[in-house]
Amino acid sequence: MLPFGLLVRIEDRADGLQGLVPAAESTGGAVRVGDGLTVRILEVDLARQRFVLSCR
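Here is a short report on the structure shown in this document. (Residues numbered from 1 in each chain as written. Predicted model: local features only at pLDDT ≥ 70, side-chain atom pairs only at ≥ 80, totals over all residues. Heavy atoms only, no water.)

Regarding a nonpolar patch on the surface
Cut-off, in case you're wondering: Patch definition: residues with relative accessible area over 30% and no salt bridge; like charges joined within 9 Å; nonpolar side chains (Val, Leu, Ile, Met, Phe, Trp, Tyr) joined within 5 Å. All accessible-area figures derive from a Shrake-Rupley calculation using a 1.4 Å probe, and residue coverage is judged against the displayed protein chains alone. By definition here, a salt bridge exists when the distance from a side-chain nitrogen of Lys or Arg to a carboxyl oxygen of Asp or Glu is within 4 Å. A run of DSSP states H or I qualifies as a helix once it reaches four residues; a run of E qualifies as a strand once it reaches two. Both are numbered from the N-terminal end.
Taken together, Leu2, Phe4 and Leu7 make up a surface patch of nonpolar side chains, about 300 Å² in accessible area. In this fold, Leu7 is placed in strand β1 (residues 5–9).

Topic: the pairing of strand β3 (residues 40–45)
Using the following cut-off: Any two strands are treated as partners once DSSP identifies two or more bridges connecting them.
Where β3 meets strand β4 (residues 50–54), five bridges bridge the pair, whose relative direction is antiparallel. Bridge pairing in β4 places Arg40 opposite Ser54. If you look at the hairpin formed by β3 and β4, you'll find four residues sitting between the two strands, and Gln49 has a positive phi there, around 55°.

Now the structure itself:
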């Protein structure tokens, strides 16, 4: 959890892909480290190896 959003591991492995759910796209509810979330991929940036996700 970060001030600007949630960092989410997409694959359940130590070296799994990670994406960011911006604070504006988060559920607004109490989320704890280790909780499962259903997310939607909004943007993929392969050059920077980043995913932007949404919980909505």
